[in-house]
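This is what each chain is made of:
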Amino acid sequence: MSSVEKRTTRTTTEQTSFGTSSSSSSSSSSGSRSSVNISSATVAKLAFFTVAMIVFPIATYFLTVDRYFEGNATYAGISAAVMANVVLIAYVAAAVMEDSQAGPAPVSVKKQQ
């Protein structure tokens, strides 16, 4: 068995969709539902960033259109787009930090033949 086949077999037997364990070497699970364990903190974080992605850009537009840009909708729209990007970058940073707190990824050791 080549190293690619070993790696593929190990990946499909150890971890299938969403991290659930499976003992078969095929990754198809037609007709069966798998249980997904998602922490409540992850769901709360996703809900917060979903609301932030809706509210912050709209609020930024309406707060800046008359106050800072004197009715110029183009500049207010640009500031809303910047705010949407800020929320997106914050979500990605939070996800990376959450992933790094889980611990380092397992390292595979290759045997020399």
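Residues numbered from 1 in each chain as written. Predicted model: local features only at pLDDT ≥ 70, side-chain atom pairs only at ≥ 80, totals over all residues. Heavy atoms only, no water.

With an unreviewed UniProt entry as reference, the protein chain is termed Vacuolar ATPase assembly integral membrane protein vma21, source organism Linnemannia gamsii. Of the comments in the UniProt record for the protein chain, the one headed Sequence similarities (unreviewed entry) reads "Belongs to the VMA21 family." According to its UniProt record, the protein chain has this under Function (unreviewed entry): "Required for the assembly of the V0 complex of the vacuolar ATPase (V-ATPase) in the endoplasmic reticulum." (UniProt positions renumbered as here; feature names shortened; annotations may be inferred.)

Asker: Is there a simple way to think about the pattern of salt bridges in this case?
Answerer: Two side chains carrying opposite charge are able to pair once their charged atoms lie near each other. With the rule as written, the count across this model stands at 1 salt bridge. Lys45 is paired through a salt bridge with Glu98; the nearest N and O atoms lie 3.0 Å apart. Here Lys45, found in helix 2 (residues 40–67), pairs with Glu98, found in helix 3 (residues 73–101); they are 53 residues apart in sequence, far enough to count as distant. Using a relative accessible area of 26% as the deciding quantity, one classes Lys45 as partly exposed. (Salt bridge = Lys/Arg side-chain N within 4 Å of Asp/Glu carboxyl O. Helix = DSSP H or I, 4+ residues; strand = E, 2+ residues; numbered from the N terminus. Buried < 20%, exposed > 50% of the residue type's maximum accessible area, 1.4 Å probe, protein only.)

Asker: Looking at this structure, I do not really get the UniProt feature "transmembrane region" (unreviewed entry) in the protein chain. What am I missing?
Answerer: UniProt's entry tags residues 43–63 and 75–96 with the feature "transmembrane region" (unreviewed entry), counted in the numbering of this structure. Structurally, residues 43–63 comprises 100% helix and 0% strand, and the distance from its first C-alpha atom to its last is 29 Å.

Asker: Is there a simple way to explain the layout of surface pockets in this structure?
Answerer: Over the atoms a probe the size of a water molecule is rolled, and this reveals where empty space is left. Taken as a whole, the second largest pocket encloses approximately 240 Å³ of empty space. Contributing to the lining of the second largest pocket are Ile38, Thr42, Val43, Lys45, Leu46, Tyr91, Ala95, Glu98 and Asp99. Counting only elements with at least two residues in the lining of the second largest pocket, the list comes to helix 2 and helix 3. Residue classes in the lining of the second largest pocket are distributed as 5 nonpolar, 1 polar and 3 charged. (1 Å grid on protein atoms, 1.4 Å probe; cavity = no way out; pocket = protein on both sides within 12 Å on 5 of 7 lines; lining within 4 Å. Points joined across faces, edges and corners; volume = space filled by probe spheres on them. Nonpolar A, V, L, I, M, F, W, Y, C, P; charged D, E, K, R; others polar.)

Asker: Mind showing me how you'd approach helix 2 here?
Answerer: Residues spaced three or four apart along an α-helix face the same direction, because each turn holds 3.6 residues. Between its terminal C-alpha atoms helix 2 stretches 39 Å, which fits the 40 Å expected from 28 residues at 1.5 Å a residue. Within helix 2, the axis deviates most sharply at Ala52, by approximately 30°. Where helix 2 is buried, its residues meet helix 3. (Expected span 1.5 Å × (residues − 1). Bend = angle between axes of the 7 residues up to and from the residue. Contact = heavy atoms within 4.5 Å.)

Asker: Sorry, what's going on with the packing of helix 2 against helix 3 here?
Answerer: Angle between the axes and distance between the axes: these two values describe a pair of packed helices. Running from N to C, helix 2 and helix 3 point in directions that differ by 160°, and their axes come no closer than 7 Å. Our classification of the angle between helix 2 and helix 3 gives roughly antiparallel. In this structure, helix 2 meets helix 3 at a crossing whose hand is right-handed. Considering only residue class, the contact of helix 2 with helix 3 consists of 18 nonpolar, 5 polar and 2 charged. (Axes fitted to C-alpha atoms, helices over the stretch in contact; angles between N-to-C directions. Parallel < 35°, antiparallel > 145°, perpendicular 65-115°, else oblique. Left-handed = near helix turned anticlockwise from the far one by under 90°.)

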